[in-house]
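Tertiary structure, described
The primary structure of each chain is shown beneath.
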Amino acid sequence: MRVLSRRLLILALASLPGFTQAQGLWDNLNGQPGALALDNLGQSRPEAPFDITGTWSITGQWQFEDVPPLKPAAAELFAMASQAAAAGKSFNDDIGRCWPPGLPRMMTRVWPVHMIQLPTSIVMISNFMNQVRWIYMDGRSHSDPDYYVPSYNGESIGHWDGDTLVIDTRNFEPSHHWLRAGIPVSEEFHTIERIRMSADRQSLEVEWTMTDPQNWEGQWLGTKHYNRQDKVDFLEVHCLPDLNEGIIATDDEYTIRTED
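Report on the accompanying structure. (Residues numbered from 1 in each chain as written. Predicted model: local features only at pLDDT ≥ 70, side-chain atom pairs only at ≥ 80, totals over all residues. Heavy atoms only, no water.)

Considerations on the nonpolar core
Condition: Residues belong to one nonpolar core when they are buried, are Ala, Val, Leu, Ile, Met, Phe, Trp, Tyr or Cys, and are joined through side-chain atoms within 4.5 Å. Here's how the labels work: a residue is buried when its accessible area is under 20% of the maximum for its type, exposed when over 50%, partly exposed in between, all with a 1.4 Å probe on protein chains only. By definition, any uninterrupted DSSP run of H or I lasting at least four residues is a helix, any uninterrupted run of E lasting at least two residues is a strand, and each is numbered from the N terminus.
Within the largest apolar cluster, 33 residues are counted, with the highest numbers of intra-cluster contacts made by Ile52, Met107 and Met124. For this core, the secondary structure elements donating two or more residues are β1 (54-59), α3 (72-86), β2 (113-117), β3 (121-126), β6 (164-170), β9 (190-197), β10 (203-211) and β11 (220-228). A per-element tally of this core places β10 first, with 4 residues.

Some remarks on the state of the cysteines
Put simply, the rule is: Cysteine sulfur atoms that come within 2.5 Å of each other are treated as a disulfide pair.
All told, the structure shown has 1 disulfide when counted by the stated rule. Linked covalently through their sulfurs, Cys98 and Cys239 form a disulfide whose S-S length is 2.2 Å. Because the sign of the S-S torsion sets the handedness, a value of about -85 degrees for the bond joining Cys98 and Cys239 places this disulfide among the left-handed ones. Taken together, the residues span a long stretch of sequence, with Cys98 in the loop between α3 and β2 and Cys239 in the loop between β11 and β12 (247-249) at a distance of 141 residues.

Side note on the side chain of Glu155
The line we're drawing: Counted charges follow a simple rule, with Lys and Arg positive, Asp and Glu negative, and His plus the chain ends left uncounted. Should a side-chain nitrogen of Lys or Arg be within 4 Å of a carboxyl oxygen of Asp or Glu, the pair is scored as a salt bridge. The contact definition used throughout considers only heavy atoms, calling two residues in contact when any of these lie within 4.5 Å.
With respect to the helices and strands, the residue Glu155 is situated in strand β5 (residues 155-161). Although Glu155 is buried, it makes no salt bridge; Arg140 carries the closest opposite charge, 6.0 Å away. Each residue touching Glu155, except ones within four places of it in the same chain, is listed here: Ser141, His142, Ser143, Tyr148, Asp168, Thr169, Arg170 and Asn171.

Quick notes on the environment of Asp51
As a reminder of what qualifies: By the criterion applied in these results, polar contacts are pairs of N or O atoms within 3.5 Å in which, for protein atoms, one can donate a hydrogen and the other can accept it, and in which residues neighboring in sequence qualify only through two side-chain atoms.
Inspection of the secondary structure assignment puts Asp51 in the loop between α2 (38-41) and β1. The exposure class assigned to Asp51 is partly exposed, which follows from its relative accessible area of 40%. Each C-alpha atom of the pair Asp51 and Ile116 lies 8.6 Å from the other, and the pair is 65 residues apart in sequence. Sequence-distant contacts of Asp51, defined by excluding residues within four places in its chain, comprise Gln117, Met197, Arg201 and Arg228. In this structure the side chain of Asp51 is engaged in a polar contact, spanning 2.7 Å, whose partner is the side chain of Thr53.

Some words on α3
Quick note on the threshold: To estimate how far a helix should reach, multiply one less than its number of residues by 1.5 Å. Think of the arc as the fan of directions from the helix axis to the C-beta atoms.
Between its first and last C-alpha atoms α3 spans 21 Å; for 15 residues at 1.5 Å apiece the expected length is 21 Å, and the two agree. Within α3 the residues assigned to the buried category are Ala74, Phe78, Ala81 and Ala84. The buried residues of α3 occupy an angular sector of 120 degrees when projected down its axis, which confines them to one face. Exposed residues on α3 whose side chains face more than 90 degrees from its buried face are Pro72, Glu76, Gln83 and Ala86. If you follow the buried residues of α3, they end up packed against β7 (178-180) and β8 (183-184). One or two steps after α3, the chain reaches Gly88, where phi turns positive at roughly 75 degrees.

Okay, structure coming up:
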């Protein structure tokens, strides 16, 4: 079980009478300079093998196939999802109820993904619910999971391995988080992406290696391809509950609004 998270600590402090936000309250726990700190951006670094900046759209199969042997609980959920799909029904459609898609699903939908490369980080923004992830490239290590607030896109740390961008992501939020319909992820979910750019700089190949010892055996492997899109800009896209149908969101599920 995680210790009292930083998020809860901040909320507790903010509730104190006379509380004033201090500049250091949001500082990185290990003292790591922020990715946008001028001193960090200005440090001398080796030139990157390629610049991933651009807008990219996935091609081919977006779903991760070749499902590895699932643990019993995950296998039962996956079977239920498959039966629902065969009957034309949805199963645990948390995304449809405005829960974040999380990684890897934010990267594999039909919506374009915008990528901005800086010396210290790479920012990826999907037009699918405006999901944002930061890949830190400034040499930092992953945070202590006992103090890091888990997130749906996880904590991504990147480095260059020759002409390949390697992204190691962990520290995930598991609640309502699915790798694909019926297959959940746990706090132990871990992904490695190996990204290569084509010689003409018009396409990307991303090799995924995913592990989650709570939900499946061994490694789940998959390769995705993306093409550059030079006539696409950012769109503001939000997921909103359909209040016209009297549905409201709660912490764990959707319930029907009742009139007083």
